Amino acid sequence: MPVPTNPKRNQPAPATSRASWLPRPISPRAHAYFDALAFPAILGLATWMWPRNRLASVLIAGNGLLEGATAATTNFPPPGPFPRISFRTHIRVGLIGAPVFLAISSLAPGIPWRYRRVVLGLGILPLVINGLSNATSETAA
């Protein structure tokens, strides 16, 4: 039996998931603007955290650098400076990287709960943004 294809691109049609009924209100362009604003905000948060807890600051800065590198290499509708990966790949990197960041942040010793909440919140945010982003639109491919 032949594989169903997308007639516009002659590629296999995406498999429907059980969560395909969920709304995806964030367009790739809006996601790109959010990433452009989030990168300096995350680095500013890491700078603010440095005198309070250095390990938390290093975790936040590492997350910010990974987020910034991913955004810089994504071919958004307004492409990043080095467009190498698709928006769908950007979403996949975020959906894998955020749980890894959450696990490392949860297990790192020596971070008081008041600062760990900031770090964990920073790890949950990409899951929410990537989960609400529309990676199936024509501009996302």
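Scroll up to find the structure.
These lines cover the structure that appears in this document, whether it is placed above or below. Per chain, residue numbering runs from 1 following the sequence as it is written. Only residues with pLDDT of at least 70 are given local features in this predicted model, and only at 80 or more are side-chain atom pairs given and counted; all residues enter the totals for whole chains, interfaces and linings. Based on all heavy atoms of the structure, the side-chain values leave hydrogens and waters out of the count.

1. Some remarks on the overall build of the chain
Okay, so step 1: Per the secondary structure count, the chain includes four helices and two strands.
Okay, so step 2: In sequence order, the secondary structure elements of the chain are arranged as β-β-α-α-α-α.
Okay, so step 3: Relative accessibility under 20% of the residue-type maximum defines a buried residue, over 50% an exposed one, and the middle range a partly exposed one, all with a 1.4 Å probe and only protein chains included. Per-residue burial for the chain yields a buried fraction of 33% across its 141 residues.
Okay, so step 4: If you take every contact in the chain between residues at least 6 apart in sequence, the share linking residues at least 24 apart comes to 59%. Put simply, DSSP H or I for four residues or longer makes a helix, DSSP E for two residues or longer makes a strand, and each gets a number counted from the N terminus. Should any heavy atoms of two residues lie within 4.5 Å, those residues are considered in contact.

2. A word on the packing of helix 1 (residues 28–49) against helix 4 (residues 113–132)
Okay, so step 1: Between N-to-C directions, angles cover 0 to 180 degrees, with each direction set by a line fitted to C-alpha atoms, over the stretch in contact for helices. Helix 4 packs onto helix 1 with a crossing angle of 170 degrees between their chain directions and a minimal axis gap of 13 Å. When the axis of helix 1 is compared with that of helix 4, the two are roughly antiparallel. Contacts between helix 1 and helix 4 involve His 31, Phe 34, Ile 42, Leu 45 and Met 49 on the former and, on the latter, Tyr 115, Val 118, Leu 122, Leu 125, Ile 129 and Asn 130. Working definition: roughly parallel below 35 degrees, roughly antiparallel above 145 degrees, roughly perpendicular at 65 to 115 degrees, and oblique for all remaining angles.

3. Focus: helix 1
Okay, so step 1: In this analysis, the expected span of each helix is defined as 1.5 Å times one less than the number of residues it contains. Here helix 1 spans 30 Å end to end across 22 residues, near enough to the 32 Å set by a 1.5 Å rise per residue.
Okay, so step 2: Bend, at a single residue, is the angle you get between axes fitted to the 7 residues ending at that residue and the 7 residues starting at it. Maximum bend of helix 1: about 25 degrees, positioned at Ala 38, with proline Pro 40 one to four residues after it.
Okay, so step 3: All of the buried residues along helix 1 are Pro 28, His 31, Ala 32, Asp 35, Ala 38, Ile 42, Ala 46 and Met 49.
Okay, so step 4: Where helix 1 is buried, its residues touch helix 2 (54–72), helix 3 (87–107) and helix 4.

4. Section: the side chain of Thr 74
Okay, so step 1: Looking at where Thr 74 falls in the secondary structure, it is placed in the loop between helix 2 and helix 3.
Okay, so step 2: Thr 74 sits in the buried class, given a relative accessible area of 0%.
Okay, so step 3: What qualifies as a polar contact is a pair of N or O atoms within 3.5 Å, subject to a donor-acceptor requirement within protein and to the restriction that residues adjacent in sequence count only when both atoms come from side chains. In terms of polar contacts, Thr 74 uses its side chain to reach the backbone carbonyl oxygen of Thr 70, at 2.5 Å.

5. Points about the nonpolar core
Okay, so step 1: Here, the term nonpolar core denotes a set of buried Ala, Val, Leu, Ile, Met, Phe, Trp, Tyr and Cys residues that are joined through side-chain atoms within 4.5 Å. If you look at the biggest cluster of nonpolar residues, it comprises 13 residues, and the most contacted ones within it are Ile 42, Met 49, Ala 56, Leu 59, Ile 60, Ile 111 and Val 119.
Okay, so step 2: Breaking this core down by element, the ones donating at least two residues are helix 1, helix 2 and helix 4.
Okay, so step 3: The element contributing the most residues to this core is helix 1, with four residues.
Okay, so step 4: When residues no more than four places from it in sequence are discounted, the contact partners of Ile 42 are Ile 60, Gly 64, Glu 67 and Leu 122.

6. Notes on the environment of Pro 28
Okay, so step 1: Among the secondary structure elements, Pro 28 is positioned in helix 1.
Okay, so step 2: Taking the C-alpha atoms as reference points, Pro 28 and Pro 77, separated by 49 residues in sequence, lie 6.7 Å from one another.

7. Re the side chain of Ser 133
Okay, so step 1: By the element assignment, Ser 133 lies in the segment after helix 4.
Okay, so step 2: You can call Ser 133 buried: its relative accessible area is 4%.
Okay, so step 3: Ignoring anything within four residues of it in the chain, the contact list for Ser 133 reads Arg 24, Ile 26, His 31, Phe 87 and Ile 91.

8. So, helix 3
Okay, so step 1: Between the first and last C-alpha of helix 3 there are 30 Å, a value that for 21 residues agrees with the 30 Å anticipated at 1.5 Å per step.
Okay, so step 2: Every buried residue belonging to helix 3 is among Phe 87, His 90, Ile 91, Gly 94, Gly 97, Ala 98, Phe 101, Leu 102 and Ser 105, and all of these are buried.
Okay, so step 3: Contacts made by the buried residues of helix 3 are with helix 1, helix 2 and helix 4.

9. Describing the environment of Ala 69
Okay, so step 1: As for its position among the elements, Ala 69 is in helix 2.
Okay, so step 2: With 11 residues separating them in the primary sequence, Ala 69 and Gly 80 have C-alpha atoms 9.6 Å apart.

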